[in-house]
Amino acid sequence: MAREAPSPSTPSDPMARWNDALTTLQLLQLDPHGFGGVCLRAPHGPVRERWLQALAGLGLGLIKVPGSVDSERLLGGIDLAHTLQTGQLHLQAGLLQQADQGLVCLPMAERLSPALLAPLVQALEQGQVPPTRHSAAPTPTRFGVVALDESLPDELGVGVALAERLGVWLDLHELSPTDIHAALQDDSGTDGLQIRLSPGALTRAREHLPQVQATDEQMQALCAAALGLGIGSLRVPSLALRVACNHAALNGRSTLDADDLGFAARCVLAPRATQWPAEPSEEEAAAEPAPQEDTTPPPDKPEPPENADQAPENQAEKDNPQDADPPPEQNAEPSAEDLQEMMVAAALASLPPHMLDALMTRQGAASHNTSGRSGQTRAGSQRGRPLPPRPGRPGGQARLHVLATLRAAAPKQRLRQAHSTGRVAIRAEDFHIQRYQQRASSCLILALDASGSAALQRLAEAKGAVELLLQQSYARRDSVCIVAFRGAQAQLLLPMTRSLVRAKRAMTGLPGGGGTPLALALKMAHEQAAQLQRQGVTPILVVLSDGRANVTLQGLGGRAQAQTDAQSWGQQWRASGHRALWIDTSMQPDSQAQQLAATMGASYLPMPQVQSQRMAHAIERVRSPLV
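Residues numbered from 1 in each chain as written. Predicted model: local features only at pLDDT ≥ 70, side-chain atom pairs only at ≥ 80, totals over all residues. Heavy atoms only, no water.

1. Topic: the overall build of the protein
Stage number 1. Scanning the protein for helices and strands turns up 23 helices and 18 strands.
Stage number 2. Burial statistics for the protein: of 627 residues in total, 46% are counted as buried.
Stage number 3. Pairs at least 24 apart in sequence give 75% of the contacts found in the protein among residues at least 6 apart.
Stage number 4. Carbon together with sulfur atoms contributes 51% to the accessible area of the protein, which is approximately 32,000 Å² in total. (Helix = DSSP H or I, 4+ residues; strand = E, 2+ residues; numbered from the N terminus. Buried < 20%, exposed > 50% of the residue type's maximum accessible area, 1.4 Å probe, protein only. Contact = heavy atoms within 4.5 Å. Areas by Shrake-Rupley, 256 points an atom, 1.4 Å probe, with all protein chains shown as cover.)

Below you can see the structure in the form of structure tokens.
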């Protein structure tokens, strides 16, 4: 039986989230490769170790694939150590072949290189290891993946291609050992991690799984709920259906019910949400058929029978309808719309805090091709993150990759040596060089609207947000640049810096009030971004304004020309390809601000009461690239 999760009272109920995590372990035991696997987002700590301990106790084959593994070890190929020792070519089975009918565990999955992710995803999708230069035919293998995402909330996560094929996404960041202590203890006081299914229960569940059926309304509701949450891939509803069927088989049901669909909504759909579900428009609400009133005239009162004593026996029941037997209940099967609303509600109830802001800011960040928080990537040969070696001649700054060179020379030794001399014959064609990937730092250009009566409060909250951002970005060597605009001019209040003291001093003496020269601010931000780009720094713009421009580029009044100038510079920012976030400080979401944000290709976030902590969270999400 699956572990029953209590009904969450808050969006981040620790008990419910931990029970879902333990239920996922039972689903892995039942169907290790049917729904792809699990993407577990959790830092190092006792919570993750308890979950991994329970995973190891399931009795499944668990193969760990470190991030430093090469393609030969992953897919199969030459056993380099044995080949060099014996002088003869020896092949070895790859880790993916050894994981057949089991699980592949990927520690630090967010750091896997694309050269390793590509064959891994291909093998997971096709159920076979692609052929290599040493094997002409593909090798069948079926496995599930447990990807351990150890990235911080503002860092790049697991690759999109792999994460999309993993059915269940779990996030245990907010859980602590104290939170899960109650869930780890059963009625007898023993450790609740003993969740391994008995052989009899596992056999019955596996025999029951092919018999589980879903109705057309349930499948339609899964697709509609995924579409409402902004999930465009058809693979996700298919994985959600598979997870729901496994959950039903685990509980001995042959048809899906609300618990099965709710679990799929929480663990499959909700973590992938990219937008807040849209409310029905007034036209759609008006188009819904209203309940029709019964306009049939009441029947004529029947005349009494000739013999009143021989009245029908049920006349009393007709006169007293309360005493009559109730009519048989009609079939109350929920419709596809009802199921969709239920699953969307279950998904929204499981979203962690600040997820609403994250969903609203993702759309603008998706349209840019920069690397966000970590800046743009560039190849190097001296330092950085190691990349797979490639053939080349060492010299200058290029360093020889010894192992890759020996691996390339090993299969050709019998052709190069007529008699074995105990030495490895290496030619220039075998040389491989080392490669690294470096990431440029990023700079946050904060454009502050210092005009209007609420300028003092906005600047005070913005100051708190800048202090939080500088504290968070100190270890990443990111910086902040502040552009303030008021009256008839925009000024560079603070050049690019990582000094918290300088930021406080610059913002303390900034006056407020006057007009809104928004076009001048966008022009100055664009110039600063171009200068940062030449220095190898990735710029990110955050505009804190209500969007009501009333000062032109020449410093003159005129709302129409001021809006036109702002639109022009917004288009130039969009053409630069850099990310941007527009925080609307008006009391109600303003159409002018939304239009300017759309023109810039920026994320739009209404925030009438500027809150420093919320603002810092929103900016960090814009810094982070999509996964």
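2. Thoughts on a nonpolar patch on the surface
Stage number 1. A contiguous nonpolar patch, built from L84, V424 and I426 and spanning about 210 Å² of accessible area, is present on the exposed surface.
Stage number 2. Following the sequence through the fold, V424 ends up in the loop between α17 (413–416) and β12 (432–439).
Stage number 3. On the accessibility criterion, V424 (37% relative accessible area) is partly exposed. (Patch = residues over 30% accessible without salt bridge, like charges linked within 9 Å, V, L, I, M, F, W, Y side chains within 5 Å. Salt bridge = Lys/Arg side-chain N within 4 Å of Asp/Glu carboxyl O.)

3. Quick look at the sheet that holds strand β8 (residues 143–149)
Stage number 1. Spatially, 5 strands are ordered β2-β5-β8-β1-β9 in an open sheet, and the strand pairing comes out parallel. Edge positions in the sheet fall to β2 (62–64) and β9 (168–171), since each has one partner strand and no second. Within this sheet the neighbouring strands show an average axis-to-axis angle of 20°, counted without direction.
Stage number 2. Pairing analysis gives 3 bridges linking β2 to strand β5 (residues 102–106), with the strands arranged parallel. Looking across to β5, one finds that K64 is bridged to C105.
Stage number 3. Along the sheet, helix α1 (residues 14–30) contacts β1 (37–41), β5, β8 and β9; its crossing angle with β9, the most-contacted strand, is approximately 145°. (Pairing = 2+ DSSP bridges. Axes fitted to C-alpha atoms, helices over the stretch in contact; angles between N-to-C directions.)

4. Things to note about the nonpolar core
Stage number 1. In terms of nonpolar packing, the biggest core is built from 62 residues, with W18, W51, L55 and L269 touching the most fellow members.
Stage number 2. For this core, the element with the most residues is helix α10 (residues 235–250), which contributes 8 residues.
Stage number 3. Beyond its immediate sequence surroundings of up to four residues, W51 is in contact with W18, A21, L25, V38, L40, V146 and L170.
Stage number 4. With 32 residues, the next largest nonpolar core counts L518, L541, A562 and W573 among its residues. (Core = buried A, V, L, I, M, F, W, Y, C linked by side-chain atoms within 4.5 Å.)

5. Some thoughts on the side chain of R407
Stage number 1. Secondary-structure assignment places R407 in helix α16 (residues 402–409).
Stage number 2. Looking at R407, the relative accessible area reads 17%, which means it is buried.
Stage number 3. Sequence-distant contacts of R407, defined by excluding residues within four places in its chain, comprise D70, E72, I78, L80 and R133.

6. Points about unusual backbone geometry
Glycine aside, residues mostly have negative phi angles, and peptide bonds mostly take the trans form.
Stage number 1. With a phi angle near 65°, Q101 is a residue other than glycine that sits in the positive phi range.
Stage number 2. Note that Q101 resides in the loop between α5 (95–98) and β5.
Stage number 3. Of note in this structure, M108 is not a glycine but carries a positive phi near 50°.
Stage number 4. Its place among the elements puts M108 in the loop between β5 and α6 (114–126).
Stage number 5. Of the residues examined, M108 reaches a relative accessible area of 36% and is grouped as partly exposed.

7. Observations concerning the pattern of salt bridges
When their charged atoms lie close together, side chains carrying opposite charge are able to pair.
Stage number 1. Summed over the entire model, instances satisfying the criterion amount to 14 salt bridges.
Stage number 2. Between R111 and E110 there is a salt bridge, and its shortest N-O distance comes to 4.0 Å.
Stage number 3. Owing to a relative accessible area of 42%, R111 belongs among the partly exposed residues under this scheme.
Stage number 4. Between R235 and E125 there is a salt bridge; the shortest N-O distance is 3.5 Å. Pair noted here: R235 is in helix α10 and E125 is in helix α6, with a separation of 110 residues, a long-range link.
Stage number 5. Among the residues examined, R235 registers a relative accessible area of 26% and is labelled partly exposed.
Stage number 6. Looking at E125, the relative accessible area reads 43%, which means it is partly exposed.
Stage number 7. Beyond isolated ion pairs, a larger network of salt bridges with shared partners links E125, E164, R165 and R235.

8. As for the packing of helix α9 (residues 216–228) against α10
Stage number 1. Running from N to C, α9 and α10 cross one another at 130°; their axes reach a closest spacing of 9 Å. Regarding the angle of α9 to α10, the classification is oblique. Considering how the two elements wind past one another, α9 and α10 form a crossing that is right-handed. For the pair formed by α9 and α10, the contact residues are M219, L222, C223 and A226 on the first element and P237, A240 and L241 on the second. (Parallel < 35°, antiparallel > 145°, perpendicular 65-115°, else oblique. Left-handed = near helix turned anticlockwise from the far one by under 90°.)

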